[in-house]
Amino acid sequence: MTPSGQNYWRSLDELAGSPGFRNWVEREFPRLASELQSKSTRRKLLQLMAASFGLAGLTACRRPEEKILPASRTAEYRIPGKPVHYATSMNLGGCATGLIVETHEGRPTKIEGNPLHPGSLGACSALAQASVLGLYDPDRSRFPRKRGKRSSWADYAAFAEELFTPARQGRGEKLWFLSEPLSSPSLEALRADVLRRFPAARWVEFESVPFAAVNRGAELAFGQPLEAVFDFARADIILSLDCDFLGHDWRDVIPIRQFSERRRVDSPASKMNRLYSVESLFTLTGAAADHRLALPSSQVLGFARELAEELGALPRKAETKAGGAGRQRWLSVVARDLREHTGACLVVAGPRQPAPVHALAHVLNARLGNVGRTVAYLRPSSRPALAGFDELCQAIQSNAVETLVMLGVNPVYAAPAEAGFGDLLAKVAHSIHLGAEFDETADASAWHVNEAHYLESWGDTRAYDGTAALQQPMIQPLFDGKTAAEVLSFAGGQSERRSYDILRKHWLAQWPQTEGESRWRKALHDGVVEGTRYPLAAPGVPDVKRVDATARVAGTQGVEVTFFADSSSFDGRFANNGWLQETPDPMTKLTWDNAALVSPAKAQSLGVRDGDIIALTRGGNSLEIPVLIVPGQADESIAIALGYGRRQCGRVGRGVGQNANLIRSLVTPGFVSGVTISKTVRKRPLATTQEHHSMEGRPLIREATLEEYRRDPKFAHKADHYKDLFSLHKEHSYEEGPQWGMAIDLSACVGCNACVVACQAENNVPIVGREQVRRGREMHWIRVDRYYSGDPEAPRAVMQPVACQHCENAPCETVCPVAATTHSPEGLNDMAYNRCVGTRYCANNCPYKVRRFNFFDLNKGVDEIGKMVFNPDVTVRMRGVMEKCTYCVQRIQEKKIQARAEGGRPLKDGEILTACQQTCPASAIVFGDLKDPNSKVAQLKQKDRNYVMLGEINIRPRTSYLARLRNPHPELG
């Protein structure tokens, strides 16, 4: 029991105190953690490590031929050993995130957010952090193929030159193109040229994680294509309709940054926003919510309609309201709270929901006076008339497609199985696929062209608000991969065939001739192109009658299954990334797998437990998948992550998990109803970390409501009984030089895992594989603990990042027989890896369980070229040593050296950023000098909410936490 009176638990087994859970936590080390593994599993482990850390060849240090512009002074560019930083951008699902990439001697090693880019503001996601590993994936496609056999770019170019002549294609009657949603101005211009050359050709944009309903909803409400831009920072009240805007229902990290700004509380007089979440799956947004209603996704439309009627935005219908008294009371309170905050509230809908739900959200925002305040509308650039994916399938079926060019998509895997796209593709005479992997679609295509990674490509992207950014390569393409622009230029008969020439020509044509070169260089340096944001639009009054006519609530039958973008593989494109596969899912803590997520009540009715395999059947297709019981899941809804069950990809992702696309629908890709369930007799043990490092009833998490904090600002210290503690011996006094420390605001943290992957990339943390995670041997230096509290059917959740606390009286130091772990004069708990002999006494004595032991030489067999994936500023550890967080001591030393070189100036507050701090979208982590009273970290440690974990054992940790605050509505408790 904690100061807030809450009982916190990590899993249902912990809550019940099951024998299996007690056996896990009562061992000094997790079960089997000390035993050696078999030769067969060791062989699999080495395969995984080779796939994750092996580089692609002797060309890895080649610089690009064209001149690129570093985002730093030119002098730094010429000093060997000094990293150089470049601005670029990464596209995900048609939306860009601006990045700054650190390179060492011409090879990218670390990614950060670009502070000048509106889609990152200096932060980035776990997916962006891990994308650098994808550059060095040895399983990337290395050469073009014709009918699966090795070919060359020259052979393809000769084929394409003839195929795309007007004599062969005519007006393009049977020519089709298939791509992801384009967010590239230069590619959009290329597309327009191609469609002018072949006016009868058709273009389809395919989304495996669909966002099309978002745009259709705006057009339904306003009768014109508009882009809605939400400002979460200005909203006092937020209602989320099945929208995980703090997770992958948003394609950049800006909502996290904006939302978290309103969760910071400096004093009892501070204000705080309030978040209501209606969702089926327990998401990061639901975990951050002050109130959460678990509702099947198919019922969200009915809820939104009832809310619109309650607020007078739609005429009331005579039908009986759905749901019980509790749901109606919840809806009534939400409606009143929104009405009382007119002009300072926000309603957002998620991409899983159909267009009418998005249209209702626009109607509600207009009714509540939010337009121009918390929501703005932008007018996107004009787009050609595009066909739908279903039209393409019908055209192939009717033999109306002779040539199909697929750019960076994998529909054979990612499209719903009912489309049968793999079989359809065999009917296309000339199928051309551009992709980074020789994947399922490449295997079914006549031609496959290997695609260049974005870190080795010239290109451009657009952010959520239309702001354009340039992509510049950090390295010459490792396998001579090509970009979509280069493949498309052959079809359009362009004179420019290199992506650099295509990009440069496009942008120089946008600017006055006298300014072209200077603006080009500035855009390369800054990472953004000034003046390219979409113009503001006046949306007018929503067409309520049209929305009313389409927002019809239909009945559902059977169990609902929802589909969501996975935190590790997204839609399958990151399936071969070992860093992401091993990063635990933020909510379920599942690694190396996906599962059917069911509520405790549903599991009881089905008679299943964790790991039991069930068969889900819909429309003649069946999916067999293990069960994972998740508190908070809506009872009549099952959730499955996309991106698994790949049969044609690299060695890391092949055969991992199950393919949810087997039971998806073309019409409603976000969720389906009418699924039948049957239990099988088979089981599959899952690799989860949710019971590792258990709280065991200790007050590690401390939280209260905003009102409780106002009544008792010292609530976080009720469990502190160590104010009068003293030592029996004289302790060291840390007074000389800077004294480093960290503070983490639990109210701001959303648990997105960006810090976990950033630490792994910065500190050369290895992956260990699925079986080793099951043994409790994961190696992450920082973990994000997720705790539940309350009713298992409707729990609350809270996140807590935990790394080495750098205790001043560190218990690990006193038991080390070889003094491998010692304390620095600046307060860091240091590790001398070469001195460590692997007794593991320190891990035994660490109360926070944050030290990691290298049971195997995970880097054995990686040649000199393979080692280039590592950060050269950090050692690569061998087998048999203990490792842990160092507060990124290499970054501390780098800035100290720089300050000395600049005349011995003092270090500035905020000049040193740890890897976890720099990437954090929520700015929840603050690091600095505790001796500087003006430093941000020193000021945070003076706050009433600041506390340390396990302070009662007098180990004086340097990392402290600001207790979590919630802002519930008084009527809902």
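Just above, that's the structure.
Residues numbered from 1 in each chain as written. Predicted model: local features only at pLDDT ≥ 70, side-chain atom pairs only at ≥ 80, totals over all residues. Heavy atoms only, no water.

A. Representation of the sheet that holds strand β16 (residues 430-435) in the model. Taken in spatial order, the seven strands make up an open sheet running β6-β5-β17-β16-β15-β7-β8, and their pairing is mixed. Whereas interior strands pair on both sides, the edge strands pair on one side only; in this sheet they are β6 (149-150) and β8 (202-205). Pairing geometry for strand β7 (residues 175-179) and β8, over four bridges, is parallel. From the neighbouring strand, S179 faces β8, where its bridge partner is E205. (Pairing = 2+ DSSP bridges. Helix = DSSP H or I, 4+ residues; strand = E, 2+ residues; numbered from the N terminus.)

B. Quick look at the sheet that holds strand β10 (residues 237-241). Taken in spatial order, the four strands make up an open sheet running β12-β11-β10-β13, and their pairing is parallel. Each edge of the open sheet carries a strand with a single partner, namely β12 (291-294) and β13 (345-349). On average, each strand axis in the sheet is inclined to that of its neighbour by 10 degrees, with strand direction left out of account. Where β10 meets β13, five bridges bridge the pair, whose relative direction is parallel. Across the sheet, residue S240 finds its bridge partner in β13, namely V348. Along the sheet face, helix α14 (residues 355-367) touches β10 and β13 and points at about 170 degrees away from the line of β13. (Axes fitted to C-alpha atoms, helices over the stretch in contact; angles between N-to-C directions. Contact = heavy atoms within 4.5 Å.)

C. Structural detail: the pairing of strand β24 (residues 621-629). Summarising the sheet, strand β22 (residues 596-598) and β24 pair through three bridges and their orientation is parallel. Each residue of the ladder has a partner; that of A596, found in β24, is V627. With six bridges connecting them, strand β23 (residues 612-618) and β24 associate as antiparallel partners. By the bridge assignment, I613 is partnered in β24 with P626.

D. A look at the nonpolar core. One finds L239, L241, F245, L338, V561, L616 and I640 to be the most contacted residues of the largest nonpolar core, which totals 200 residues. A total of seven residues in this core trace back to one element, the largest contributor, which is helix α5 (residues 126-135). When near neighbours in sequence (up to four residues on either side) are disregarded, L241 contacts V278, V300, F303, A304, V347, V348, A349, G350, Q353 and V357. Judged by nonpolar contacts, the second largest core, of 30 residues, contains L175, F177, A485 and A491. (Core = buried A, V, L, I, M, F, W, Y, C linked by side-chain atoms within 4.5 Å. Buried < 20%, exposed > 50% of the residue type's maximum accessible area, 1.4 Å probe, protein only.)

E. Here's a closer look at the environment of I953. Of note, I953 is situated in the loop between β37 (946-947) and β38 (959-962). Owing to a relative accessible area of 44%, I953 belongs among the partly exposed residues under this scheme. Taking the C-alpha atoms as reference points, I953 and P847, separated by 106 residues in sequence, lie 9.4 Å from one another.

F. Fine view of the packing of aromatic side chains. Summed over all chains, the structure comprises 26 aromatic pairs. When the centroid spacing of 4.9 Å and the interplanar angle of 40 degrees are considered together, the rings of F206 and F389 count as tilted. Placement of F206 in the loop between β8 and α9 (212-222) and of F389 in helix α15 (residues 389-397) is noted, with a sequence separation of 183 residues between them. The buried category is assigned to F206, whose relative accessible area is 7%. Residues Y276 and W330 carry aromatic rings whose centres are separated by 5.7 Å and whose planes lie at 85 degrees to one another, so their mutual orientation is edge-to-face. On the criterion of sequence distance, the pair formed by Y276 in strand β11 (residues 274-279) and W330 in helix α13 (residues 325-340) is long-range, its members being 54 residues apart. Relative accessible area serves as the criterion here: at 0%, Y276 is assigned to the buried category. In textbook terms, an aromatic cluster arises when at least three aromatic residues are bridged by ring pairs, as seen for W153, Y156, F159, W447 and F490. Positioned over the ring face of F143 is R150, at 4.1 Å from the centre of the ring. The ring of F563 is capped by R664, whose NZ or CZ atom sits 5.7 Å from the centre of that ring. (Phe/Tyr/Trp six-rings, centres within 6.5 Å; stacked < 30°, edge-to-face > 60°. Lys NZ or Arg CZ within 6 Å of the ring centre and 35° of its normal.)

G. Quick look at the packing of helix α8 (residues 185-197) against helix α19 (residues 484-492). Between α8 and α19, whose axes approach to 9 Å, the crossing angle comes to 20 degrees. Comparing the axis directions of α8 and α19 gives the class roughly parallel. Every pair of crossing elements has a handedness; the one defined by α8 and α19 is left-handed. For the pair α8 and α19, the contacting residues are L187, L190, R191, V194 and R197 in the first and A484, A485, L488, S489, F490, A491 and G492 in the second. Considered class by class, the residues forming the contact of α8 with α19 number eight nonpolar, two polar and two charged. (Parallel < 35°, antiparallel > 145°, perpendicular 65-115°, else oblique. Left-handed = near helix turned anticlockwise from the far one by under 90°. Nonpolar A, V, L, I, M, F, W, Y, C, P; charged D, E, K, R; others polar.)

H. Here's a closer look at α5. Extensive coverage of α5 is indicated by the burial of nine of its 10 residues. Of the positions making up α5, those classed as buried are A126, L127, A128, Q129, A130, S131, V132, L133 and L135.

I. Highlighting unusual backbone geometry. One non-glycine residue with positive phi stands out, namely A819, at about 55 degrees. Relative to the helices and strands, A819 resides in the loop between α28 (811-815) and β32 (821-823). For N954, which is not glycine, the phi dihedral falls at a positive 60 degrees. Within the element layout of this structure, N954 appears in the loop between β37 and β38.

J. Fine view of the pairing of β7. For β7, the tally of buried residues reaches five of five residues, placing the bulk of the element in the interior. By the alternation rule, side chains of β7 split into L175, F177 and S179 and W176 and L178, which are all buried. Strand direction decides the pairing type here: β7 and strand β15 (residues 403-407), joined by five bridges, are parallel. Bridge assignment links L178 to a residue of β15, and that residue is M406.

K. Summary view of the side chain of D612. Within the secondary structure layout, D612 lies in strand β23. Within the local environment of D612, its side chain forms a polar contact with the backbone nitrogen of R609, the two atoms lying 2.8 Å apart. Polar contacts involving the side chain of D612 include one to the side chain of K683, which spans 2.6 Å. Residues within four places of D612 in sequence aside, it is in contact with G607, I625, P626, V627, K679, R682 and K683. (Polar contact = N/O pair within 3.5 Å; in protein donor to acceptor, adjacent residues only side chain to side chain.)

L. Molecular detail of helix α6 (residues 153-163). Those residues of α6 not exposed but buried are W153, Y156, A157, A160 and L163. One side of α6 holds all its buried residues, which, seen down the axis, span an arc of 130 degrees. Seen from the open side of α6, the exposed residues pointing more than 90 degrees away from its buried face are A154 and A158. (Arc of directions from axis to C-beta.)

M. Representation of the pattern of salt bridges within the structure. In total, this model carries 55 salt bridges according to the counting rule given. With a shortest N-O distance of 3.2 Å, R618 and E418 are connected by a salt bridge. Residue R618 is located in strand β23, and its partner E418 is located in the loop between α16 (411-414) and α17 (421-425); the two are separated by 200 residues in the primary sequence. In this structure, R710 engages E707 in a salt bridge whose closest nitrogen and oxygen atoms are separated by 3.0 Å. Pair noted here: R710 and E707 are both in helix α25 (residues 706-711), with a separation of three residues, about one helical turn. The class for R710 is partly exposed, based on a relative accessible area of 32%. For E707, a relative accessible area of 43% translates into the label partly exposed. The network of salt bridges with shared partners includes D593, R684, R770, E771 and R774. (Salt bridge = Lys/Arg side-chain N within 4 Å of Asp/Glu carboxyl O.)

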